[in-house]
Amino acid sequence: MSDARKDRPTSRRSFLAAAAGAGALATTGRAQAQGQKPDPLITEPQDWNRFLGPGVDAAPYGKPSRFEAGVVRRHVGWLTADTISSINFTPLHQLDGIVTPNGLCFERHHAGVPEIEPGKHRLMVHGLVEKPLVFTMDDLKRFPGRVNKLYFLECAANGGMEWRGAQLNGCQFTHGMIHNVWYTGVPLKTLLDEAGMRTNGKWLLAEGADASLMTRSIPIEKAMKDCLVVWAMNGEALRPEQGYPLRLVVPGWEGNMWIKWLRRLEIGDQPWQQREETSKYTDLLADGRSRRFTFVMDAKSVVTNPSPQAPLRQKGPNVLTGLAWSGRGAITRVDVSIDGGRNWRNARIDGPVLPMSLTRFYVDFDWQGEDMLIQSRAMDETGYVQPTKDELRKVRGVNSIYHNNGIQTWHVKPNGETENVEIL
Ligand SMILES: Nc1nc2c(c(=O)[nH]1)N[C@H]1C(S)=C(S)[C@@H](COP(=O)(O)O)O[C@H]1N2
Ligand SMILES: [Mo]
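Source: prediction; values computed, not measured. (Residues numbered from 1 in each chain as written. Chains lettered and ligands numbered in written order. Predicted model: local features only at pLDDT ≥ 70, side-chain atom pairs only at ≥ 80, totals over all residues. Heavy atoms only, no water.)

Peer 1: What should I look at first to understand empty space enclosed by the protein in this one?
Peer 2: Enumeration over the complete set of coordinates arrives at four cavities of 30 Å³ or more. If you go around the largest cavity, you meet 20 residues; those closest to its centre are Arg108, Arg247, Gly255, Trp258 and Lys260. A per-class count over the lining of the largest cavity returns eight nonpolar, seven polar and five charged. (1 Å grid on protein atoms, 1.4 Å probe; cavity = no way out; pocket = protein on both sides within 12 Å on 5 of 7 lines; lining within 4 Å. Points joined across faces, edges and corners; volume = space filled by probe spheres on them. Nonpolar A, V, L, I, M, F, W, Y, C, P; charged D, E, K, R; others polar.)

Peer 1: Quick question: what am I supposed to make of the site of ligand 1 here?
Peer 2: Ligand 1 sits among 22 residues. The nearest are Phe106, His110, Asp210, Arg247 and Lys260. Separating an oxygen atom of ligand 1 from a side-chain N or O atom of His179 is a distance of 2.9 Å. Mapping ligand 1 onto the cavity grids shows that it belongs to the largest cavity. Partitioned by chemical class, the residues of the shell around ligand 1 number eight nonpolar, eight polar and six charged. (Near = heavy atom within 4 Å. Polar contact = N/O pair within 3.5 Å; in protein donor to acceptor, adjacent residues only side chain to side chain. Sits in = over half its atoms within 2 Å of the grid points.)

Peer 1: I'm lost on the packing of aromatic side chains in this one. Help?
Peer 2: Remark: the centre distance and the inter-plane angle together describe each pair of aromatic rings, the angle taken between the planes. Enumeration according to the criterion identifies eight aromatic pairs in this entry. Each ring, one from Tyr183 and one from Trp258, has its centre 5.9 Å from the other, and the planes form 55 degrees; the classification is tilted. Highlighted residues: Tyr183 in strand β6 (residues 178-187) and Trp258 in the loop between β11 (247-249) and β12 (262-268), separated in sequence by 75 residues. Exposure remark for Trp258: the relative accessible area of 1% places this residue in the buried category. Aromatic side chains Trp253 and Phe295 sit 4.6 Å apart centroid to centroid with 0 degrees between the ring planes, which places their arrangement in the stacked category. Pair noted here: Trp253 is in the loop between β11 and β12 and Phe295 is in the loop between β14 (290-291) and β15 (300-305), with a separation of 42 residues, a long-range link. In terms of burial, Trp253 and Phe295 fall into one category: buried. Each residue in the set Trp203, Trp253, Phe293 and Phe295 is aromatic and connected to the rest through ring pairs, giving one cluster. Across from the ring centre of Tyr384, 6.0 Å away, lies the NZ or CZ of Arg328, which sits over that ring. (Phe/Tyr/Trp six-rings, centres within 6.5 Å; stacked < 30°, edge-to-face > 60°. Helix = DSSP H or I, 4+ residues; strand = E, 2+ residues; numbered from the N terminus. Buried < 20%, exposed > 50% of the residue type's maximum accessible area, 1.4 Å probe, protein only. Lys NZ or Arg CZ within 6 Å of the ring centre and 35° of its normal.)

Peer 1: Before we go on, may I ask you to explain the pairing of strand β20 (residues 359-367) in this structure?
Peer 2: Regular strands place side chains that alternate from one sheet face to the opposite one. Most of β20 is tucked away: seven of the nine residues are buried. Relative to β20, strand β16 (residues 316-325) runs antiparallel, the two sharing nine bridges. From the neighbouring strand, Val319 faces β20, where its bridge partner is Asp364. (Pairing = 2+ DSSP bridges.)

Peer 1: Explain unusual backbone geometry to me, please; I cannot follow it from the model alone.
Peer 2: Here the bond from Tyr244 into Pro245 is cis, since omega is 10 degrees, no more than 30 degrees from zero. Looking at the element boundaries, Pro245 is found in the loop between β10 (236-237) and β11. Residues Asn305 and Pro306 are joined by a peptide bond in cis, for which omega reads 0 degrees. Note on placement: Pro306 falls in the loop between β15 and β16. Positioned with a positive phi, Asn234 is a non-glycine residue whose angle comes to about 50 degrees.

Distances and angles like these do not, on their own, reveal function.
Given below as structure tokens:
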């Protein structure tokens with residue numbers, strides 16, 4: 001303890017030494033060379049090195065700095081009739097890396113967030129099985145074969161408001177129905193194997209314990225391939241908003257299928273034709289037919305900075321960054337254009353590139369106040385290339401809400417202000 005305290009810059013002398021060590025020397029040198037007044041932030045002591053801070057008992061569960069109070073989920077009032085059945089969007093423009101912090105994961109509920117006592121929660125497995133089972137949370141945590149996986153969850157309606165043209169000014173609202181989380185749990189397959197599936201079992205119904213009784217039919221091949229039943233996110237218990245104490249993970253597929261507050265799994269021989277797979281999560285085509293059971297989330301990307309909520313503030317060196325993802329596997333390449341898609345350059349991907357996970361990209365660039373039309377285009381390991389919005393509309397028409405993975409355009413103006421636009 002005493003050793004750690006020694007390094008703490010409590011006097012003016014040691015603060016200056018620490019600043020020089022941290023590389024601030026170059027700035028000071030330049031300022032003096034130009035005959036500017038010395039910066040009091042460097043030469044004068046500040047409150048934070050004159051006074052002691054709060055002790056270790058001040059925050060048993062840590063929170064972000066109060067200067068980060070503007071980094072929050074946001075919802076759009078007019079989008080839904082009330083907040084019980086609504087969406088709170090991830091502030092993508094205020095985050096970096098690929099993992100979404102638990103408190104900032106977008107939330108989408110149909111009947112609010114239930115408060116479930118973990119001791120009273122049960123998961124039932126029944127239907128076309130040899131041995132129907134009921135698990136407690138303790139049973140699940142004693143189950144062998146526990147795994148950890150990082151996956152994105154994207155609501156199929158992400159970008160749905162943009163089908164007919166640019167509407168919402170900010171990537172939080174146009175693309176923020178997505179989060180990327182480390183899950184801990186057991187493969188769904190091990191639970192189904194334990195129950196012993198009958199050979200005529202072709203579909204799985206998953207049901208939530210909230211008042212919406214959310215239900216979705218999932219093909220058994222997917223259930224056995226990579227679905228998980230999880231109780232932890234990013235190392236701690238699921239947040240109530242994300243399904244505490246138990247949720248289903250359906251990698252790469254529509255967020256709607258990731259049933260939260262998971263309480264029932266039924267094996268059947270055909271889909272159940274529930275509300276969420278008939279009236280919702282279907283797309284009406286121009287010829288009057290509807291696309292149905294559109295499970296996979298196609299490759300997509302977005303530049304998160306600059307973007308309408310994060311305009312450019314200074315000329316000179318700037319960092320463009322964004323996210324790319326694909327429900328079909330890993331991202332292999334991201335291209336970025338600053339002239340509305342005429343010329344493309346390869347973005348630099350940094351950090352782990354994992355299948356069905358967000359992938360971070362960067363372009364370091366020099367900006368001298370040019371007018372720019374910024375776009376990004378993702379490619380995945382199947383060779384699929386993210387389409388333009390017009391290409392999408394040619395195939396799907398304009399009645400769709402779901403599965404809008406078209407290329408986003410941001411207009412950066414000479415003053416740095418940035419706007420959501422579409423190029424015709
Ligand atoms: N039980 C239950 N599960 C649910 C929902 C719900 O309302 N109730 N919403 C679904 C929808 S539409 C989406 S997009 C995702 C959202 O997950 P999130 O709240 O972790 O972002 O959960 C899905 N699972
Ligand atoms: Mo959703």
